[in-house]
Amino acid sequence: MIRSVGSRSTAVAAVVFIVTLLALPLTVGALSSGVAVASDCALPPGDSPPSTAFTRLAEAGDADDHPGADHIIVYDLTESRVKPSGVTYVDGYVLYKMLTPAGCRDRSVLRWSYEPWSSFIEITEVNIVRGEEMIPVDVSNVRDLPAPQSGIYWNSRIKTLQLPRLEVDDGVEVRVFRKGYSYALLEGDGAVAGTGGLRVAAHTAGGQQSTSAGRGLPAGRGLLAEPDDDKYIPPMPGEYFDIVLFQASVPVVEKRYELTLPADKRLHSQTYNGPLYASTTYSDDTTTYTWWAEDVPATTNEPRSPDMSDRVPKVVVATVESWEAKSRWFFDVNEDQFDVTPGIQAKVDEILRDAGVARGSDEEKAEVLVHWVAQNIRYSGQTMGEGEGFTLHSGAMIFEQRSGVCKDIAGMLVTMMRAAGMDSYAAMTMAGSRIEEVPADQFNHCVCALRKDDGSFEMYDPTWVPYYNEIWSKYETEQQYLTGTPAGEPLDSIPYSPPEGSPLSIRHEAELSEDGTLRGTFKLSGAGAMDSRLRGMVSMSRLTDIEEDIAYYLSELGEGIEIVNLDYRAVDDFSGNAWIEIEYVIPEYAFSIEDGLEFRSPMAVLTTENGWLCRSCVYGWGEERESDIFLWFTQLIEGEETIRLPRAYSIDDPPSSEEIDETFAYFKAGGEADGRKLTVTERLEVRRRLIPSDEFDGFKAAVDEALDWAGKTYRAEKGGDS
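Residues numbered from 1 in each chain as written. Predicted model: local features only at pLDDT ≥ 70, side-chain atom pairs only at ≥ 80, totals over all residues. Heavy atoms only, no water.

**Student:** Would you mind going over the overall build of the protein with me for this structure?
**Tutor:** Along the backbone of the protein there are 12 helices and 37 strands. Looking at the protein residue by residue over its 722 residues, the buried ones come to 58%. Here the protein has roughly 29,100 Å² of accessible surface; of this, 46% comes from carbon and sulfur atoms. (Helix = DSSP H or I, 4+ residues; strand = E, 2+ residues; numbered from the N terminus. Buried < 20%, exposed > 50% of the residue type's maximum accessible area, 1.4 Å probe, protein only. Areas by Shrake-Rupley, 256 points an atom, 1.4 Å probe, with all protein chains shown as cover.)

Right, here's the structure in full:
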């Protein structure tokens with residue numbers, strides 16, 4: 001448990017290790033030495049001397065005290081000081097302890113990721129603490145390298161430092177200075193929630209990233225020539241935000257974050273997901289806020305856990321006045337990007353004419369345009385340099401290049417909608433995580449908002465609807481968004497979608513031969529999220545491999561399965577929902593045992609063994625659960641199966657399942673026999689995309705019943721109707 005007092009809880013965004021940088025109220029000199037300043041006076045009885053790296057390591061324990069951990073974070077300190085311009089300096093200190101040979105191996109290289117156009121980072125000091133010895137590491141050996149990139153090519157960098165060979169019980173002490181900013185959309189679509197401040201990454205707590213903002217103490221670290229502060233004025237000049245996580249994938253003995261603001265700056269702040277210690281102090285010129293946590297256990301690693309930001313203690317801070325102010329800023333900084341060129345106008349007129357909706361409603365035109373943009377603007381991010389991440393590329397540029405990231409794809413749709421005479425705007429959202437009420441930058445995705453006649457907005461997401469017969473992905477329900485408009489908008493949310501919004505229908509007609517061969521046809525059809533998943537089963541394959549891949553999806557029915565015929569709705573045909581029809585043959589599907597044939601329901605097996613069809617069924621959930629379950633979408637599966645038995649065979653008293661009707665999930669299945677005809681039905685509902693941990697037992701009961709049902713054996717015996 002985290003030992004703490006004070007505010008509510010916290011849910012941070014990108015926390016972790018990496019030279020994480022949290023701050024104590026220390027002087028710069030004290031931070032540089034990693035210890036508090038000691039007094040020459042004798043200590044009173046019972047008092048301990050100020051902590052040092054040596055005493056902290058000695059008191060942190062060893063591998064027996066932290067079972068399962070290869071290393072721990074002993075002390076993580078960040079001190080951020082914000083200037084009136086919003087430029088922030090950060091001094092950070094982190095102390096790690098190696099517990100096992102694996103920890104020594106895995107922590108042998110430190111890493112710091114950064115964006116050179118928006119942030120400056122200097123590794124000022126690194127030491128190996130071994131016994132009573134402090135061994136300096138030459139930081140001139142830091143290497144500044146291109147960061148690995150895929151899909152988004154924004155020239156990100158990574159600094160690395162090879163450490164000397166580490167030994168068990170060694171400490172690694174790291175000091176970093178940095179300044180700059182990181183806007184959330186710089187992190188790319190679907191990035192970790194909450195990318196406040198300057199994000200710096202180091203190879204520490206299991207590969208996760210810290211989101212401590214960085215802009216605080218006086219310059220003058222001396223190892224590198226620092227660029228002028230003007231380069232690092234944040235996108236919203238004078239404003240500051242941050243999202244700090246206080247838990248990592250390894251145990252943390254103590255983590256502190258200190259933020260110093262000019263006295264005239266007002267701060268919104270809130271803690272989430274667990275208690276933290278907190279304090280506030282002030283001087284004539286500044287106000288200093290400090291949050292800290294002690295003895296924080298490692299996060300659990302469970303299937304389908306929510307984003308770290310939604311489950312670990314965090315603090316969210318922001319100086320911006322309100323969401324409405326953030327909305328107005330986003331509108332102003334991007335409004336010039338949606339100019340309609342003659343080429344764009346001609347293409348929009350052509351698209352609407354060819355689709356037969358040139359005289360249609362705004363909704364009809366918007367649906368045609370969102371699918372054109374989704375299918376024709378490929379996902380590939382190219383840098384424009386200054387302003388990247390928070391400034392959308394112009395519609396003219398994206399129309400010419402036919403590529404971009406979410407903000408550019410959304411901007412292309414905004415531009416095309418305006419060319420069609422519609423009142424459209426860019427909006428920001430947080431895919432895969434929640435946005436807290438504090439108006440900090442908690443966005444990782446950009447979409448399009450169409451204002452309707454009643455003043456409300458209809459949301460369109462061209463980035464998430466390629467090969468998907470919707471205008472907004474069902475993966476993004478119950479998700480907050482902020483639309484940029486001249487007047488300013490409050491934070492809003494996408495409505496809940498019930499299971500019926502993403503149904504999967506399975507119809508199976510089959511015939512069983514006396515030698516055990518099963519011949520039949522599956523017809524799968526789906527809407528909502530299941531429309532996307534069925535199209536994905538086809539669109540994710542090469543044309544030459546589709547039949548082979550479909551056979552693989554059905555291979556749990558029998559490795560000898562042969563696809564006789566395969567048909568499906570074209571993946572780019574959005575005139576209706578997706579469907580796939582599979583005609584197959586499976587030799588020896590049923591086993592001949594004592595003058596009877598034994599087999600399982602092919603429909604039930606296909607449903608529970610295929611993650612494309614039933615995400616909830618393919619994880620080993622375990623018996624207990626600490627974190628919530630995040631499944632992205634609700635789901636309904638309705639199946640009906642008819643199997644014709646061999647002549648003179650019949651089934652007596654086919655099995656039925658228990659009915660499991662819980663708050664968050666439902667399952668019921670059964671079988672009926674009529675002469676040679678066996679009919680099997682099933683219904684599975686996943687009623688929320690986020691299953692609270694305290695409702696895990698009910699959810700698991702429904703899933704377990706579905707799995708048990710798929711394992712039931714039917715026995716057909718001779719002597720029935722001919």
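**Student:** Just checking my understanding: could you explain helix 6 (residues 362-376) for this structure?
**Tutor:** Taking 1.5 Å per residue, 15 residues should reach 21 Å; helix 6 reaches 21 Å between its end C-alpha atoms and fits that length. Buried residues along helix 6 sit against helix 5 (342-354), helix 7 (395-401), helix 8 (406-419), strand 20 (445-451) and strand 21 (457-460). (Expected span 1.5 Å × (residues − 1). Contact = heavy atoms within 4.5 Å.)

**Student:** Teacher, can you tell me more about the sheet that holds strand 27 (residues 578-586) here?
**Tutor:** Strand pairing in a sheet takes place through backbone hydrogen bonds and is either antiparallel or parallel in direction. Read across the sheet, eight strands follow the order 26-27-25-24-31-35-34-33 without closing on themselves; strand pairing throughout is mixed. Each end of this open sheet is capped by a strand with a single partner; those strands are strand 26 (562-568) and strand 33 (660-661). As judged from the 10 bridges shared by strand 31 (residues 635-644) and strand 35 (residues 677-686), these two strands associate in the antiparallel manner. By the bridge assignment, Leu636 is partnered in strand 35 with Glu685. Across the sheet, helix 9 (residues 529-539) is in contact with strand 24 (503-512), strand 25 (518-526), strand 26, strand 27 and strand 31; its angle to strand 27 comes to roughly 50°. Along the sheet, helix 12 (residues 696-710) contacts strand 33, strand 34 (665-674) and strand 35; its crossing angle with strand 34, the most-contacted strand, is approximately 25°. (Pairing = 2+ DSSP bridges. Axes fitted to C-alpha atoms, helices over the stretch in contact; angles between N-to-C directions.)

**Student:** Can you help me understand the environment of Glu363 in this one?
**Tutor:** Structurally, the position occupied by Glu363 is in helix 6. Note: C-alpha distance between Glu363 and Leu450 (87 residues apart in sequence) is 9.1 Å. Among all residues touching Glu363, those that are not within four sequence positions of it are Lys452 and Tyr460.

**Student:** How should I be thinking about a negative patch on the surface in this particular structure?
**Tutor:** A surface patch of negative charge is lined by Asp362, Glu363, Glu364, Glu367, Asp453 and Asp454. Glu364 sits in the partly exposed class, given a relative accessible area of 40%. (Patch = residues over 30% accessible without salt bridge, like charges linked within 9 Å, V, L, I, M, F, W, Y side chains within 5 Å. Salt bridge = Lys/Arg side-chain N within 4 Å of Asp/Glu carboxyl O. Lys, Arg positive; Asp, Glu negative; His and termini not counted. Charge placed at Lys NZ, Arg CZ, Asp CG, Glu CD.)

**Student:** I'm lost on the nonpolar core in this one. Help?
**Tutor:** Across soluble globular proteins, nonpolar side chains have a tendency to be buried as a group. In terms of nonpolar packing, the biggest core is built from 69 residues, with Phe522, Ile550, Leu554, Phe599 and Phe699 touching the most fellow members. Apart from the residues within four sequence positions on either side, Leu554 is in contact with Phe522, Ile561, Ile582 and Leu606. Within the second largest apolar cluster, 63 residues are counted, among which are Met430, Ala449, Val465 and Ile471. (Core = buried A, V, L, I, M, F, W, Y, C linked by side-chain atoms within 4.5 Å.)

**Student:** How should the environment of Ala431 be read in this particular structure?
**Tutor:** On the secondary structure map, Ala431 appears in the loop between strand 19 (424-429) and strand 20. Judged by its relative accessible area of 5%, Ala431 is buried. With 14 residues separating them in the primary sequence, Ala431 and His445 have C-alpha atoms 6.3 Å apart. Apart from the residues within four sequence positions on either side, Ala431 is in contact with Asn444, His445, Trp464, Gln479 and Trp632.

**Student:** Help me understand the state of the cysteines, please; the structure alone is not making it clear to me.
**Tutor:** Put plainly, two cysteines are in a disulfide when a covalent bond ties their sulfur atoms together. Applying the stated criterion to the full structure yields one disulfide. Each sulfur in the disulfide pair Cys614 and Cys617 lies 2.4 Å from the other. Its torsion about the S-S bond being 55°, the disulfide of Cys614 and Cys617 is classed as right-handed. No disulfide involves Cys448; its sulfur sits 8.8 Å from that of Cys446, the nearest cysteine. (Disulfide = S-S within 2.5 Å.)

**Student:** Would you take a moment to explain the packing of helix 11 (residues 602-609) against helix 12 for this structure?
**Tutor:** When two helices pack together, their arrangement is given by the angle between the helix axes and the distance between those axes. Across the interface, helix 11 lies against helix 12 with an axial gap of 8 Å and an inter-helix angle of 135°. Classified by the angle between their axes, helix 11 and helix 12 sit oblique to one another. Our pair here, helix 11 against helix 12, has a crossing hand that is left-handed. Across from Ala604, Val605 and Thr608 in helix 11, the residues of helix 12 making contact are Ala706, Leu707, Trp709 and Ala710. Residues that form the contact of helix 11 with helix 12 fall into these classes: six nonpolar, one polar and no charged. (Parallel < 35°, antiparallel > 145°, perpendicular 65-115°, else oblique. Left-handed = near helix turned anticlockwise from the far one by under 90°. Nonpolar A, V, L, I, M, F, W, Y, C, P; charged D, E, K, R; others polar.)

**Student:** Whenever I open this one, the sheet that holds strand 12 (residues 268-272) confuses me. Can you help?
**Tutor:** Ordered by their spatial adjacency, three strands build an open sheet running 10-15-12, and the pairing between neighbours is antiparallel. At either margin of the open sheet sits one strand with a lone partner, and together these are strand 10 (241-245) and strand 12. For this sheet, the mean inter-axis angle between neighbouring strands, taken without regard to orientation, is 10°. Where strand 10 and strand 15 (residues 314-318) come together, five bridges link them in antiparallel fashion. Looking at strand 15, one finds that Leu245 is bridged to Lys314.

**Student:** So what exactly am I meant to see when it comes to the pattern of salt bridges here?
**Tutor:** Oppositely charged side chains are able to pair whenever their charged atoms sit close together. Taken as a whole and judged by the stated rule, the model has 35 salt bridges. A salt bridge links Lys700 to Glu623, with the nearest nitrogen and oxygen atoms 3.5 Å apart. A residue pair is termed long-range when its members are at least 10 positions apart, and Lys700 in helix 12 and Glu623 in the loop between helix 11 and strand 30 (629-630) qualify at 77 residues. A relative accessible area of 10% places Lys700 in the buried class. Overall, the relative accessible area of 63% leaves Glu623 in the exposed class. Here Arg683 makes a salt bridge to Glu638, at a shortest N to O gap of 2.6 Å. Of this pair, Arg683 sits in strand 35 while Glu638 is found in strand 31, placing the two residues 45 residues apart along the sequence. A single network of salt bridges, built from pairs that share partners, joins Glu500, Glu638, Asp661, Arg683, Glu685 and Arg687.

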